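The residues making up each chain are set out below.
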Amino acid sequence: MKKYDKSAMRLIGYREKELEESFEKMRDAIYGFHESFRPRLSDDDDRIIPEKLEEMLDQILSSYNEYLVNECASEGLDDRTEELYRKFLYCAITGPSVKSILPDISFYFSHIVEAKDYKDILELAKKSEHINRELQIEHEVLVYREEFPGYDIFDLMNEGVRIITGKGIAAFYNDEERPIYEELCKSLGYEEEYKEERSAADTGTDGETVTDTGKEEKSATETDGEESAGETVGAAEVKAEEILDISKWIDSPRIKVVEADPSEFDPMMEYQPSLSLEELQELLDNPDLPSHLRYQYEKDYELELNGGIYTPTLEEYEEEARRQEEQMDEEYEESLLAEQAWAEKLPDKDAFVTNYIDFRRLFYSIEHPDFSQTVRKMISIYLYENEISPISFDNGYGLIDKHINHAIRRIRFEAQRRRSLS
């Protein structure tokens, strides 16, 4: 009988996660979510054609309304709810997605890239975490101050707005949102920063977007070609300087910064891996193991072979610090290029900002139970009608069902055989 110690439970968690990811990939393949929508909408330069996008949105919404009327005995979506989903789909299709450099790591280890497949749309819909306007604005205040960056449905679109306009989402708050933002800045200790922002930034009035401010200055979206790309990169560089400048965190009432004393460095610090050689070998044999985990487990494996204890030198610590700093510099440069590439492929920068601002206000002003499940159903119907989903093929469903049931029977047989041998 296996002993369920700490290392065993860690391995169980890893295997469960791997299996769940495999199940998710299988579901995506069955329903066609892994397919890319860009070939249906884009020109030869991979730029989305506005007319084709509107046709797609019309079909998705009309098919879903037909489903509600015929299958759910419903009158279909009302005008405002239909507008909510149309604007969400517009932003999800044209807007940014995320390419993680290191899985499950924060914003600074991810790249903004263009959304490509239907799975990107569904993932964005699932991240509708902040259903309360006050909580969302509080979240945005803290994200803006870099205390705990994240990627829910609004964080990602806010980044898109920032890349296009060079302004934070607070510049587009309306008369209801702005007082909430101001009060939160005061309560969270950012009152002085808020005053500086209000005096220095041209934020417009009543949360107007870049297309309707009526101001004579050119917005970032009114420039063209190289100039626009340069401004986008420039805005990103300013943000990066803010991120790397830790001095602004020191006065925060929520963060305590403690400077390390180099004299306290302990060269005898020991590292003890928590997995056995057998468990580490099983993890390393998995070809789908993420690269950053493989690097760590290979180190652990080497340590276990040498008795499990390793004493690094100060020079080794310094070399590792230099390596990580160089890696972060490279990732930052790649991130700037990725942001620029996304912005250049937008069919209409102003339309993206306008649709997103309208979407977030509708999101908080009308009821929309099961938002992500509704989006999933819309996409499923669209994929079936356009014969993109494998279950829409002739005999496709029967073949899928046959393979799944065969796999179930095989797993049960192997489990029974292993038990009989033990």
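Owing to the predicted nature of the structure, the values given are computational and were not obtained by experimental measurement.

It is worth spelling out the environment of Lys 116 at this point. With respect to the secondary-structure elements, Lys 116 resides in the loop between strand E2 (110–114) and helix H5 (118–126). Judged by its relative accessible area of 42%, Lys 116 falls in the partly exposed class. Along the primary structure Lys 116 and Gly 95 are separated by 21 residues, whereas in three dimensions their C-alpha atoms are 9.7 Å apart. Setting aside chain neighbours within four positions, we find Lys 116 in contact with Ser 36, Phe 37 and Arg 38.

Another aspect to go through is helix H11 (residues 277–284). For an α-helix, 3.6 residues make a turn, and residues three or four places apart therefore share a direction. Restricting attention to buried positions, one finds in H11 the residues Glu 279, Leu 280, Leu 283 and Leu 284. Along the axis of H11, the buried residues cluster in a sector spanning 135 degrees; they form a single face.

Moving on, we get to a negative patch on the surface. The grouping of Glu 325, Glu 326, Asp 329, Glu 330, Glu 333 and Glu 334 at the surface amounts to a negative patch. Along the chain, Asp 329 turns up in helix H13 (residues 314–344).

Per the stated rule, a full pass over the model turns up 23 salt bridges. Across the pair Arg 38 and Asp 46 runs a salt bridge whose closest N-O atoms are separated by 3.1 Å. Asp 358 is paired through a salt bridge with Lys 87; the nearest N and O atoms lie 3.5 Å apart. Of this pair, Asp 358 sits in helix H14 (residues 349–365) while Lys 87 sits in helix H4 (residues 79–94); the two residues are 271 residues apart in sequence, bridging distant segments of the chain. When salt bridges with common partners are traced through the structure, they connect Glu 24, Arg 27, Asp 28, Lys 119, Glu 123 and Lys 126 into a single cluster.

Here the focus is the packing of helix H3 (residues 50–71) against H4. Following both chains from N to C, one finds H3 and H4 inclined at 135 degrees, their axes separated by 10 Å at the closest point. Considering their axes alone, H3 and H4 lie oblique with respect to each other. In this structure, H3 crosses over H4, and the sense of that crossing is right-handed. Side by side, H3 and H4 meet where Leu 53, Glu 54, Met 56, Leu 57, Asp 58, Ile 60, Leu 61 and Asn 65 of the first sit next to Glu 82, Tyr 85, Arg 86, Leu 89, Tyr 90, Ile 93 and Thr 94 of the second. Within the contact of H3 with H4, the residues separate by chemical class into nine nonpolar, two polar and four charged.

A few words now on the packing of aromatic side chains. Inspection of the entire model under this criterion finds 17 aromatic pairs. On the numbers, 5.5 Å between centres and 80 degrees between planes, the contact of Trp 342 with Phe 352 is edge-to-face. One end of the pair, Trp 342, is in helix H13; the other, Phe 352, is in helix H14, with ten residues separating them in the sequence. For the cation-ring pair, Arg 376 lies above Tyr 31, with the distance from its terminal atom to the ring centre recorded as 5.8 Å.

On to unusual backbone geometry. The phi angle at Asp 46 is positive, at roughly 65 degrees, despite the residue not being glycine. Mapping Asp 46 onto the fold places it in the loop between helix H2 (38–41) and H3. Of the residues examined, Asp 46 reaches a relative accessible area of 23% and is grouped as partly exposed. For Ala 73, which is not glycine, the phi dihedral falls at a positive 50 degrees.

This part covers the nonpolar core. Ranked by size, the top nonpolar core spans 69 residues in total, and within it Phe 88, Ile 121, Phe 371 and Ile 379 carry the most contacts. Element by element, the count of residues in this core is highest for H14, at nine residues. Filtering out sequence-adjacent residues up to four positions away, Phe 371 remains in contact with Leu 84, Tyr 85, Phe 88, Ala 125, Ser 128, Ile 153, Phe 359 and Phe 363.

Close inspection of predicted coordinates is inappropriate in any region flagged by low pLDDT. When pLDDT is averaged across the protein chain, the result is 76; 71% of the residues are at 70 or more. Mean pLDDT across the elements of the protein chain bottoms out in helix H10 (residues 225–244) (43) and peaks in H4 (96). Per-residue pLDDT stays below 50 along residues 102–108; that stretch engages in 13 contacts with residues further than four places along the chain or on separate chains. Taken together, the stretch residues 202–272 has pLDDT below 50 and engages in 99 contacts with residues farther than four places along the chain or on a different chain.

A separate point is the side chain of Asn 65. By secondary structure assignment, the location of Asn 65 is in helix H3. A distance of 2.7 Å separates the side chain of Asn 65 from the backbone nitrogen of Leu 77, its partner in a polar contact. Side chain to side chain, Asn 65 and Glu 82 meet in a polar contact 3.1 Å long. Once residues within four sequence positions are removed from consideration, Asn 65 is found in contact with Gly 76, Leu 77 and Glu 82.

The rules we used
- Residues numbered from 1 in each chain as written.
- Predicted model: local features only at pLDDT ≥ 70, side-chain atom pairs only at ≥ 80, totals over all residues.
- Heavy atoms only, no water.
- Helix = DSSP H or I, 4+ residues; strand = E, 2+ residues; numbered from the N terminus.
- Buried < 20%, exposed > 50% of the residue type's maximum accessible area, 1.4 Å probe, protein only.
- Contact = heavy atoms within 4.5 Å.
- Arc of directions from axis to C-beta.
- Patch = residues over 30% accessible without salt bridge, like charges linked within 9 Å, V, L, I, M, F, W, Y side chains within 5 Å.
- Areas by Shrake-Rupley, 256 points an atom, 1.4 Å probe, with all protein chains shown as cover.
- Salt bridge = Lys/Arg side-chain N within 4 Å of Asp/Glu carboxyl O.
- Lys, Arg positive; Asp, Glu negative; His and termini not counted.
- Charge placed at Lys NZ, Arg CZ, Asp CG, Glu CD.
- Axes fitted to C-alpha atoms, helices over the stretch in contact; angles between N-to-C directions.
- Parallel < 35°, antiparallel > 145°, perpendicular 65-115°, else oblique.
- Left-handed = near helix turned anticlockwise from the far one by under 90°.
- Nonpolar A, V, L, I, M, F, W, Y, C, P; charged D, E, K, R; others polar.
- Phe/Tyr/Trp six-rings, centres within 6.5 Å; stacked < 30°, edge-to-face > 60°.
- Lys NZ or Arg CZ within 6 Å of the ring centre and 35° of its normal.
- Core = buried A, V, L, I, M, F, W, Y, C linked by side-chain atoms within 4.5 Å.
- pLDDT = per-residue confidence, 0-100.
- Polar contact = N/O pair within 3.5 Å; in protein donor to acceptor, adjacent residues only side chain to side chain.

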